[in-house]
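A structural walkthrough
If you want the building blocks of each chain, they are given just below.
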Amino acid sequence: MPHMLILGLGYTAARLEACLRGEGWRVTGVRRSADADILAFDDASAVRAAIASATHILSSVPPEGDADPVLARYGAAIAAAPALWTGYLSSTGVYGDAAGAWVDEASLVGQGRRTARAAADADWGALRADMRRFRLPGIYGPGRSALERVRVGRAHRIALAGQVFSRVHVDDIVGGVIASFDGPPGVYNLADDLPCAQNDVIEAACDLLAQPWPPLQTMEEAALSPMARGFYAENRRVASGRAKRLLGWTPRYPTYREGLAACL
């Protein structure tokens with residue numbers, strides 16, 4: 001029986017866990033605190049035993065400060081593990097601002113605001129020859145999409161000409177990870193086929209919910225949090241051709257239109 005060890009059971013990794021369990025896999029999860037079927041991150045003996053027995057190992061834990069906690073604690077054990085497959089969920093934030101241009105896996109990294117993420121991405125890539133790194137843009141899906149922001153009145157339309165983002169439905173990430181089980185190691189962007197302005201997504205969500213569009217505002221008028229302002233500080237289109245060519249990955253939700261409709 002294949003055995004997947006997932007370090008960091010967040011939104012995306014939990015969807016992968018559910019999918020693999022449904023296909024008959026054994027899945028071991030690791031979080032900060034233990035549960036009935038989950039190991040505690042600080043239970044070193046149990047986590048190292050899982051690393052030594054898993055056929056597949058995935059980390060979805062982002063850096064904390066300037067360090068990757070999984071690499072710091074368990075990097076050597078993962079490097080020496082007999083696993084057949086290893087993976088890391090990274091971010092397209094490693095590319096920084098591209099002024100709206102397309103980026104792919106050969107684009108320069110480490111020039112943006114997410115320097116710790118770029119360093120962790122590189123460190124995971126150097127850890128093992130069989131490593132798959134998945135660089136992900138904005139992730140959305142059931143319970144975590146523009147629909148929820150519209151429903152609670154937290155959706156914004158920002159007057160920022162030329163600003164473009166890429167995004168990906170959570171289930172398409174799951175599909176990409178699973179497709180890589182039989183594909184070559186390396187770096188893969190997983191993004192949908194329609195980079196666009198965030199305003200387009202908000203407007204589509206409002207239309208689906210029969211709600212009026214929020215007023216168009218400047219960044220100052222919207223009074224966004226520093227984290228939200230950072231979202232608008234970078235502008236790029238993410239190309240996923242490599243995953244399509246080498247993994248045979250095809251997004252189930254090629255644009256936000258299909259993805260939002262499915263979430264609804």
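Whatever comes next refers back to the structure up there.
Residues numbered from 1 in each chain as written. Predicted model: local features only at pLDDT ≥ 70, side-chain atom pairs only at ≥ 80, totals over all residues. Heavy atoms only, no water.

Side note on the packing of helix H1 (residues 11–22) against helix H6 (residues 170–179)
The geometry of H1 relative to H6 is characterised by a closest axis approach of 9 Å and an angle of 60 degrees between their N-to-C directions. With respect to H6, the element H1 is oriented oblique. Classified by chirality, the crossing of H6 by H1 is right-handed. When H1 is examined against H6, the residues Tyr 11, Thr 12, Arg 15, Leu 16, Cys 19 and Leu 20 are found in contact with a partner set consisting of Val 170, Asp 171, Ile 173, Val 174, Val 177 and Ile 178. Split by residue class, the contact of H1 with H6 holds nine nonpolar, one polar and two charged. (Axes fitted to C-alpha atoms, helices over the stretch in contact; angles between N-to-C directions. Helix = DSSP H or I, 4+ residues; strand = E, 2+ residues; numbered from the N terminus. Parallel < 35°, antiparallel > 145°, perpendicular 65-115°, else oblique. Left-handed = near helix turned anticlockwise from the far one by under 90°. Contact = heavy atoms within 4.5 Å. Nonpolar A, V, L, I, M, F, W, Y, C, P; charged D, E, K, R; others polar.)

Quick word on the pattern of salt bridges
The full count for this structure, using the stated rule, is 11 salt bridges. The partner of Arg 73 in a salt bridge is Asp 42, with the nearest N and O atoms 3.0 Å apart. Of this pair, Arg 73 sits in helix H3 (residues 69–80) while Asp 42 sits in the loop between strand S3 (38–40) and helix H2 (44–53); the two residues are 31 residues apart in sequence, bridging distant segments of the chain. Between Asp 193 and Lys 244 there is a salt bridge, and its shortest N-O distance comes to 2.5 Å. Of this pair, Asp 193 sits in the loop between strand S11 (186–189) and helix H7 (198–208) while Lys 244 sits in helix H10 (residues 241–247), placing them 51 residues apart in sequence. Classification of Asp 193 as partly exposed rests on a relative accessible area of 38%. Classification of Lys 244 as partly exposed rests on a relative accessible area of 32%. (Salt bridge = Lys/Arg side-chain N within 4 Å of Asp/Glu carboxyl O. Buried < 20%, exposed > 50% of the residue type's maximum accessible area, 1.4 Å probe, protein only.)

Looking at H7
Counted residue by residue, H7 has eight buried out of 11 residues, so it is predominantly covered. Every buried residue of H7 is accounted for by Gln 198, Asn 199, Val 201, Ile 202, Glu 203, Ala 204, Ala 205 and Cys 206. Summarising the contacts, the buried residues of H7 are in contact with helix H5 (146–151), strand S9 (157–158), strand S10 (167–169), strand S12 (216–217), helix H9 (226–231) and helix H11 (256–263). Positioned one or two residues after H7, Ala 210 has a phi angle of 55 degrees, which is positive.

A short note on the environment of Tyr 74
Relative to the assigned elements, Tyr 74 resides in helix H3. Residue Tyr 74 is classed as buried on the basis of its relative accessible area, which comes to 0%. The spacing of Tyr 74 and Ile 51 is 23 residues in sequence and 8.7 Å in space, taken between C-alpha atoms. Those residues in contact with Tyr 74 that lie beyond four places of it in its chain are Leu 7, Phe 41, Asp 42, Asp 43, Ala 44, Val 47, Arg 48 and Ile 51.

Some thoughts on the state of the cysteines
For the structure on display, the rule yields zero disulfides. Looking at the unpaired Cys 206, the closest cysteine sulfur is the one in Cys 196, lying at 14 Å. Since its relative accessible area comes to 1%, Cys 206 is described here as buried. (Disulfide = S-S within 2.5 Å.)

Describing the nonpolar core
Most often, soluble globular proteins keep nonpolar side chains buried together rather than apart. The biggest cluster of nonpolar side chains holds 24 residues, and the ones touching the most others in it are Met 4, Leu 16, Phe 134 and Val 177. Contributing elements (two or more residues each) for this core: strand S1 (3–7), H1, strand S5 (85–91), strand S7 (131–136), H6 and H10. Contact partners of Leu 16, with chain neighbours within four places excluded, come to Met 4, Ile 6, Leu 58, Val 174, Val 177 and Ile 178. (Core = buried A, V, L, I, M, F, W, Y, C linked by side-chain atoms within 4.5 Å.)

Thoughts on helix H4 (residues 115–127)
Two residues of an α-helix separated by three or four positions point the same way, owing to the 3.6 residues in each turn. Between its first and last C-alpha, H4 extends 18 Å over 13 residues, near the 18 Å set by a 1.5 Å rise per residue. Taken together, the buried positions of H4 are Ala 116, Arg 117, Ala 118, Ala 120, Asp 121 and Trp 124. (Expected span 1.5 Å × (residues − 1).)

Looking at the packing of aromatic side chains
All told, the structure shown has nine aromatic pairs when counted by the stated rule. Relative to Phe 181, the ring of Trp 85 has its centre 5.1 Å away and its plane inclined at 85 degrees; by these criteria the two rings are edge-to-face. Of this pair, Trp 85 sits in strand S5 while Phe 181 sits in the loop between H6 and S11, and the two are 96 residues apart along the sequence. In this pair, the class of Trp 85 matches that of Phe 181, namely buried. (Phe/Tyr/Trp six-rings, centres within 6.5 Å; stacked < 30°, edge-to-face > 60°.)

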